[in-house]
Amino acid sequence: MSNPVFETVRTVLAVREYQDKPIPNDVLGRIVEAGHLSASASNVQPWHFVVVTDRTGLRELGGLVAHGPYIAGAGAAIVVAYEKANHLGISDVSRAIQSMILVAWGDGVGSNWTGFGELEGVRKKVGLPDKYEVLAVVPFGYPKRAIGKGKKKRKPLAEVASAEQYGTPFKL
Ligand SMILES: Cc1cc2nc3c(=O)[nH]c(=O)nc-3n(C[C@H](O)[C@H](O)[C@H](O)COP(=O)(O)O)c2cc1C
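Here's what I pulled together on the structure shown here. From a predicted model like this one, the values you see are computed outputs, not experimental measurements.

### So, the environment of Leu 119
Turning to step 1, where the next piece is worked out: Its place among the elements puts Leu 119 in the loop between strand E3 (110–111) and helix H5 (120–125).
Turning to step 2, where the next piece is worked out: Along the chain, Leu 119 and Leu 135 lie 16 residues apart, while their C-alpha atoms are 7.1 Å from each other.
Turning to step 3, where the next piece is worked out: Residues in contact with Leu 119, not counting those within four places in the same chain, are Leu 64, Val 65, Val 134, Leu 135, Ala 136 and Val 137.

### Thoughts on the site of the ligand
Turning to step 1, where the next piece is worked out: Close to the ligand lie Leu 13, Ala 14, Arg 16, His 67, Tyr 70, Asn 112, Trp 113, Thr 114, Gly 115, Phe 116 and Arg 154, which account for all nearby residues.
Turning to step 2, where the next piece is worked out: At 2.8 Å from an oxygen atom of the ligand is found a side-chain nitrogen or oxygen belonging to Arg 16.
Turning to step 3, where the next piece is worked out: In terms of residue class, the shell around the ligand is built from five nonpolar, four polar and two charged.

### Thoughts on the packing of helix H1 (residues 4–11) against helix H4 (residues 89–106)
Turning to step 1, where the next piece is worked out: The contact between H1 and H4 brings their axes to 10 Å, and the two run at 100°. When the axis of H1 is compared with that of H4, the two are roughly perpendicular. Residues Thr 8, Val 9 and Thr 11 of H1 touch H4, and the partners they reach there are Leu 102, Trp 105 and Gly 106.
Turning to step 2, where the next piece is worked out: Within the contact of H1 with H4, the residues separate by chemical class into three nonpolar, three polar and no charged.

### Considerations on the pattern of salt bridges
Note that side chains of opposite charge can pair when their charged atoms are close.
Turning to step 1, where the next piece is worked out: Evaluated as defined, the whole model comprises seven salt bridges.
Turning to step 2, where the next piece is worked out: Note that Arg 10 is salt-bridged to Glu 7, the shortest N-O span being 2.9 Å. Highlighted residues: Arg 10 and Glu 7, both in helix H1, separated by three residues, approximately one helical turn.
Turning to step 3, where the next piece is worked out: Look at Glu 7 and you get partly exposed, because its relative accessible area is 29%.
Turning to step 4, where the next piece is worked out: Salt-bridge contacts for Asp 130 lead to Arg 123; the nearest nitrogen and oxygen are separated by 3.6 Å.
Turning to step 5, where the next piece is worked out: Looking at Asp 130, the relative accessible area reads 48%, which means it is partly exposed.
Turning to step 6, where the next piece is worked out: Salt bridges sharing common partners tie together Lys 84, Glu 120, Arg 123 and Asp 130.

About the cut-offs
- Residues numbered from 1 in each chain as written.
- Predicted model: local features only at pLDDT ≥ 70, side-chain atom pairs only at ≥ 80, totals over all residues.
- Heavy atoms only, no water.
- Helix = DSSP H or I, 4+ residues; strand = E, 2+ residues; numbered from the N terminus.
- Contact = heavy atoms within 4.5 Å.
- Near = heavy atom within 4 Å.
- Polar contact = N/O pair within 3.5 Å; in protein donor to acceptor, adjacent residues only side chain to side chain.
- Nonpolar A, V, L, I, M, F, W, Y, C, P; charged D, E, K, R; others polar.
- Axes fitted to C-alpha atoms, helices over the stretch in contact; angles between N-to-C directions.
- Parallel < 35°, antiparallel > 145°, perpendicular 65-115°, else oblique.
- Salt bridge = Lys/Arg side-chain N within 4 Å of Asp/Glu carboxyl O.
- Buried < 20%, exposed > 50% of the residue type's maximum accessible area, 1.4 Å probe, protein only.

Now the structure itself:
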């Protein structure tokens, strides 16, 4: 029996090139809502999401994230920040990022995680107060080309999963 959630996880890939086509408001809203609805430790929700769609703003973000210059060509980008006093904040926003990436892919929108902390310039650019740390910027857009959908380069399952005890390879 097919499982649409598994199919989304199986096929989603990092998308770094986007069509020059806006993301409809309802789709973008669903992506943001996916972050908002994600679980966090003790339900504290120590996060803030800044949604950037303005082309000039996207270009500026592309210039501020060392490993994400292609944000400049995205239809939208979400700056994901957590309250730095919260020691579980990174785990919480990581979960929200994954929710947003999967929901976007379910709507045919590609995305990717860019950056990992040290995004002080991004925090200042979008006006987030000092209590926040930006963990990542996630660009979204319709993929420019089919990029080996579903073909993932991963270690063999038996190398990274054990049955009952470490060292007994888990088999499907
Ligand atoms: C925590 C994290 C940080 C990442 N940072 C970047 C980044 O800064 N720039 C980038 O282009 N890709 C980044 N990626 C994407 C990964 O490189 C990509 O997902 C991985 O190579 C596997 O490729 P696939 O998702 O297409 O299977 C990041 C992914 C994760 C989970």
